[in-house]
Amino acid sequence: MKLFRSILLNEGDEIDTSSLGNSWTLCDIFAEDHADDINRFLCKDGYVVLSIDVDIDMVDIDNSLFALENRENECEIVVDSQEVECRVHLVQGIDFDDSQIIKGNTGSNEFEDYTTEYEGDLTENDLIQLINEFE
């Protein structure tokens, strides 16, 4: 599956490849809109939308189900901490090499609203159905 994540940057900033982030979205439009919304408050020069291709075995199923239940409009997929290879999908407002491949680690998925075991009503099949809607 192809996932997207936006990263806000000032001109000349580099992407921190030690922690690219665990929370990605299935929707490229959401990644761009999310960056625009957050940037209205943070006032960075621009942003980059990255894309990665992952298999289901790279996905933190419990936290993806939790995110789907609690933030359903985000189509969020939580990627396990691991090395990934990203492509630049979109650059907005900054001079950034859009042909580069960025290799790094997704980082840690230990945030205040993440779970170690999902106990809601959604199932892995619900998650797979959502993923299939975007393929």
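Right, let's walk through the structure included here. None of these values were measured; they are calculated from a predicted model.

All right, on to the overall build of the chain then. The secondary structure content of the chain amounts to 3 helices and 6 strands. The linear arrangement of helices and strands in the chain, starting from the amino end, is β-β-α-β-α-β-β-β-α. Here the C-alpha radius of gyration of the chain, 15 Å, is about what a compact globule of 135 residues would show, namely 14 Å. Seen through its principal axes, the chain has C-alpha atoms that stretch 45 × 30 × 30 Å. Summarising the internal contacts of the chain: among those between residues at least 6 apart in sequence, 77% fall at separations of at least 24.

This next bit is on the pattern of salt bridges. Counted by the stated rule, this structure contains 5 salt bridges. Glu74 is paired through a salt bridge with Arg71; the nearest N and O atoms lie 3.9 Å apart. Both residues of the pair, Glu74 and Arg71, belong to the buried class. For the salt bridge of Lys103 with Glu85, the shortest nitrogen-to-oxygen distance reads 3.8 Å. Taken together, the residues span a long stretch of sequence, with Lys103 in strand S6 (residues 101-105) and Glu85 in strand S5 (residues 83-92) at a distance of 18 residues. For Lys103, a relative accessible area of 59% corresponds to the exposed category. You can call Glu85 partly exposed: its relative accessible area is 42%. By sharing partners, the salt bridges in this structure join Arg71, Glu74 and Glu76 into a single network.

With 5 bridges connecting them, strand S3 (residues 46-53) and S5 associate as antiparallel partners. Paired with Val49 across the strands is Leu90, a residue of S5.

Let's shift gears to the packing of helix H2 (residues 61-70) against helix H3 (residues 124-133). At a closest axis distance of 10 Å, the pairing of H2 and H3 adopts a crossing angle of 75°. Taken together, the axis directions place H2 and H3 in an arrangement best described as roughly perpendicular. Across the interface between the two elements, Ile61, Ser64, Leu65 and Leu68 from H2 touch Glu124, Leu127 and Leu130 from H3. Of the residues in the contact of H2 with H3, the class split is 5 nonpolar, 1 polar and 1 charged.

Unusually for a residue other than glycine, Cys43 sits at a positive phi of about 55°. Relative to the helices and strands, Cys43 is located in the loop between helix H1 (28-42) and S3. Although it is not a glycine, Cys75 sits at a positive phi angle of roughly 50°. Within the fold, Cys75 resides in the loop between H2 and strand S4 (76-78). Under the relative-accessibility criterion, Cys75 is labelled buried at 12%.

Rules used throughout
Residues numbered from 1 in each chain as written. Predicted model: local features only at pLDDT ≥ 70, side-chain atom pairs only at ≥ 80, totals over all residues. Heavy atoms only, no water. Helix = DSSP H or I, 4+ residues; strand = E, 2+ residues; numbered from the N terminus. Rg over C-alpha atoms; globule rule 2.2 N^0.38 Å. Contact = heavy atoms within 4.5 Å. Salt bridge = Lys/Arg side-chain N within 4 Å of Asp/Glu carboxyl O. Buried < 20%, exposed > 50% of the residue type's maximum accessible area, 1.4 Å probe, protein only. Pairing = 2+ DSSP bridges. Axes fitted to C-alpha atoms, helices over the stretch in contact; angles between N-to-C directions. Parallel < 35°, antiparallel > 145°, perpendicular 65-115°, else oblique. Nonpolar A, V, L, I, M, F, W, Y, C, P; charged D, E, K, R; others polar.

Nothing here speaks to function; it is geometry throughout.
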